[in-house]
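One letter stands for each residue in the lines below.
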Amino acid sequence: MTPPSVFASYPSLAGKVVLISGGAQGIGAASVEIFALQGARVAFLDLTDEPALALVDDLTPRVPHAPLYVHCDLTDIPALQSAIGEISTILGPPQILINNAASDDRHSFAEVTPEYWDQRMAVNLRHQFFAAQAVAPGMKSAGSGSIINMSSISWLIPSASLAVYNMAKAAIVAMTRSLSHELGPSNIRVNAVLPGAILTEKQRRLYMSADYEQHLFTVQCLKRHILPDEVARLLLFLASDDSSAITNQSHVIDGGWI
Ligand SMILES: NC(=O)c1ccc[n+]([C@@H]2O[C@H](COP(=O)([O-])OP(=O)(O)OC[C@H]3O[C@@H](n4cnc5c(N)ncnc54)[C@H](O)[C@@H]3O)[C@@H](O)[C@H]2O)c1
C-alpha cells in the first residue's frame, strides 16, 4: 500500500531561510527537496559532494530558489560555525534549523574505545547543539524560529550494537527539552523528531533484508515501509507557523512501532 499523494502546502515557509544538516542523502535530501518546493530558501551542509551537487542540479530548474550546498564536516565545530556564517551572509540568518545529520554505524559494546565514543558523539550529537547555538542570535533578532532535532526510536526499542548512537539519540531529546526553555522566551520553538525504520537508500543497501522486513511488518501497526518524504512532511509542519504553539516535544514517526 502506498501513502496518499495530495499534500498540504505551507505559505509561511515561502522565502524562509532553512538550514538542513546532512542534506545530501536520505531524510535530509528529501527535506531539502520538500522545503525547496514550498518556496523556502534552503541551505544544506554535508561532506558527500557528489550526491549534494546532483541534488542541487536536479532541484534548481523546478524550485523558486535553488538550494545552496556548503561542504562541511560537522564534527569540526569551527568549520560548522563558519559555514553557518557564510550561509547567513548569502541568504540571511536561518529561521529554521533541521539538525538532521548522523551516522548509525554498528559497533560492538566490547570494542568501543574512548576515541570511537568521542567520534560517535561528534557525528551524532555535538554538532546539533553548536548549530542551534549559532543560529539562535539570528532567530532572536527575527523574533521567531523553529529548531528540529532528529533523534530516533532506536533508544526506546530493543536494539544491540548501537549503544553509543542510542545514547546520543536519547541525549538529543534532553537537549531539545533544555533548549526549548532557553529559547522559548525569544519565541524560538525546539522539537525533536523520532523516526522508526525509514527506508532510505543507505538503509536499503546496508540493513534491509527479508527477515528484517518481516520483523518490521510484525512490530509496526502499518504493514509497509515508511519513506523519507513522510518524515520530511512532518518536518514541514513543525517548521511552519501552522505549529506555532508546539515546542519542547518529541514527535514519533514510525508507522506505529513504539
Ligand atoms: N533512516 C532511518 O531509519 C532513521 C531512523 C531513525 C532516525 N534516523 C535519523 O534521521 C536522520 C537522517 O538519517 P538518514 O537515515 O537519512 O541518514 P543517511 O545516512 O541516509 O544520511 C545522512 C546524511 O548525513 C551526512 N553526514 C554524516 N556525517 C556527516 C558529517 N560528519 N558531516 C556532514 N555530513 C554528514 C551524510 O553524508 C548523509 O548525507 C539521522 O539523524 C538519523 O539518526 C533515521
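Before any of the text, the structure's been laid out above.
All of the points below concern the structure found in this document. Since the structure is predicted, the reported quantities are computational estimates derived from the model, not experimental observations. Counting of residues starts from 1 at the beginning of each chain's written sequence and follows it residue by residue. Owing to the predicted nature of the model, reporting of local features is limited to residues with pLDDT of at least 70; listing and counting of side-chain atom pairs is limited to 80 or more, with chain, interface and lining totals taken over all residues. Side-chain metrics in this entry use all non-hydrogen atoms of the structure; hydrogen atoms and water are not considered.

### Considerations on the site of the ligand
Link 1 in the chain: Around the ligand, a shell composed of 27 residues is seen, among which I27, D46, N100, Y165 and I198 lie nearest.
Link 2 in the chain: As used in this structure description, the phrase polar contact means that two N or O atoms lie within 3.5 Å; if the pair is within protein, one of them must be able to donate a hydrogen and the other to accept it, and residues adjacent in sequence are counted only when both atoms belong to side chains. Measuring from a nitrogen atom of the ligand, one finds a backbone N or O atom of L74 at 3.0 Å.
Link 3 in the chain: With respect to the ligand, the side chain of K169 contributes an N or O atom lying 2.8 Å from an oxygen atom.
Link 4 in the chain: Method for areas: the Shrake-Rupley scheme with a 1.4 Å probe, in which residue coverage is limited to the protein chains shown. Relative to its unbound accessible surface of 840 Å², the ligand loses 91% to contact with the protein.
Link 5 in the chain: In this structure the site holding the ligand corresponds to the largest pocket.
Link 6 in the chain: Of all the elements in the fold, those that place two or more residues in the shell around the ligand are α1 (26-37), α5 (163-183) and α6 (201-206). It suffices for a single heavy atom of a residue to lie within 4 Å of a molecule or strand for the residue to be listed as near it. Space inside and on the surface of the protein is sampled on a 1 Å grid over the protein atoms alone, with a cavity defined as a set of points where a 1.4 Å probe fits but cannot get out and a pocket as an open set with protein on both sides within 12 Å along at least 5 of 7 lines; lining residues have an atom within 4 Å of a point. Criterion for pocket placement: a molecule counts as inside a cavity or pocket if more than half of its atoms are within 2 Å of its grid points. Note on conventions: DSSP H or I runs of at least 4 residues are helices, E runs of at least 2 residues are strands, and numbering of each starts at the N terminus.

### Remarks on empty space enclosed by the protein
Link 1 in the chain: Grid points are joined across faces, edges and corners, and a volume is the space filled by probe spheres set on the points. Evaluation of the coordinates by the stated rule reveals one cavity of 30 Å³ or more.
Link 2 in the chain: In this model, the largest cavity occupies a volume close to 40 Å³.
Link 3 in the chain: A197, I198, L199, Q203, Y207, M208 and Y212 are the residues that line the largest cavity.
Link 4 in the chain: Three classes are used: nonpolar for Ala, Val, Leu, Ile, Met, Phe, Trp, Tyr, Cys and Pro, charged for Asp, Glu, Lys and Arg, and polar for all others, with Gly counted as polar. For the lining of the largest cavity, a count of residues per class yields six nonpolar, one polar and no charged.

### Description of the pairing of strand β4 (residues 96-99)
Consecutive residues of a regular strand have side chains that alternate between opposite faces of the sheet.
Link 1 in the chain: Burial classes follow relative accessibility: with a 1.4 Å probe on protein chains only, a residue under 20% of its type's maximum area counts as buried, one over 50% as exposed, and anything between as partly exposed. Going residue by residue along β4, you find I96 and I98 tucked away on one face and L97 and N99 tucked away on the opposite face as well.
Link 2 in the chain: Both strand β1 (residues 17-21) and β4 contribute to a ladder of three bridges, which runs parallel. Each residue of the ladder has a partner; that of V18, found in β4, is I96.
Link 3 in the chain: Two strands qualify as a pair provided DSSP detects at least 2 bridges between them. One ladder, built from four bridges, connects β4 with strand β5 (residues 145-150); its direction is parallel. Bridge pairing in β5 places N99 opposite N149.
Link 4 in the chain: We call a crossover right-handed when, viewed with the strands running away from us, the connection from the first strand over the helix to the second turns clockwise. Running through helix α4 (residues 114-142), the crossover from β4 to the neighbouring parallel element β5 is right-handed.

### Remarks on the packing of aromatic side chains
Link 1 in the chain: Pairing of aromatic side chains requires ring centres within 6.5 Å, counting the rings of Phe and Tyr and the six-membered ring of Trp. Pairs whose planes differ by under 30 degrees are stacked, by over 60 edge-to-face, and all others tilted. Here the structure, examined in full by the defined rule, presents two aromatic pairs.
Link 2 in the chain: Ring centres of F44 and Y69 lie 5.2 Å apart, and the angle between their planes is 35°; on these two criteria the pair is classed as tilted. Remark: Y69 occurs in strand β3 (residues 68-71) and F44 occurs in strand β2 (residues 41-46); sequence separation between them is 25 residues. No difference in accessibility class separates F44 from Y69, as the two residues are buried.
Link 3 in the chain: Each ring, one from F129 and one from F130, has its centre 5.1 Å from the other, and the planes form 75°; the classification is edge-to-face.
Link 4 in the chain: Only Lys NZ and Arg CZ are tested; either one counts as a charge over a ring when it is within 6 Å of the ring centre and within 35 degrees of the ring normal. If you follow R106 out to its NZ or CZ, it ends over the ring of Y207, 3.7 Å from the centre.
Link 5 in the chain: Over the face of the ring belonging to F7 we find R233, whose NZ or CZ atom lies 3.5 Å from the ring centre.

### Quick notes on helix α8 (residues 228-239)
Link 1 in the chain: For α8, which comprises 12 residues, the first-to-last C-alpha distance of 16 Å matches the rise-based estimate of 16 Å (1.5 Å per residue) to within 8%.
Link 2 in the chain: With respect to burial, α8 is a largely interior element, 10 of its 12 residues being buried.
Link 3 in the chain: Taken together, the buried positions of α8 are occupied by P228, E230, V231, A232, R233, L234, L235, L236, L238 and A239.
Link 4 in the chain: Throughout, a residue-residue contact means that at least one pair of heavy atoms, one from each residue, lies within 4.5 Å. Of the surrounding elements, those touching the buried residues of α8 are α1, β4, β5, β6 (188-195) and β7 (250-253). In this scheme, a helix's expected span is set at 1.5 Å multiplied by one less than its residue total.

### Some thoughts on the packing of α1 against α8
Helix-helix packing is characterised by the crossing angle of the two axes and by the distance between the axes.
Link 1 in the chain: Think of each axis as a best-fit line through the C-alpha atoms, taken over the contacting stretch in the case of a helix, with angles from 0 to 180 degrees between the N-to-C directions. Here α1 crosses α8 at 55°, and the two axes come no closer than 8 Å. The orientation of α1 with respect to α8, classified from their angle, is oblique. As for how α1 packs across α8, the hand of that crossing is right-handed. Each of G26, I27, A30, S31, I34 and F35 in α1 lies in contact with α8, whose residues at this interface are P228, D229, V231, A232, R233, L235, L236 and A239.
Link 2 in the chain: Here the residues of the contact of α1 with α8 sort into 10 nonpolar, two polar and two charged. In what follows, roughly perpendicular refers to angles from 65 to 115 degrees, roughly parallel to angles under 35, roughly antiparallel to angles over 145, and oblique to any angle outside these ranges. Throughout, a crossing is termed right-handed when the near helix is turned clockwise from the far one, and left-handed when it is turned anticlockwise from it by less than a right angle.

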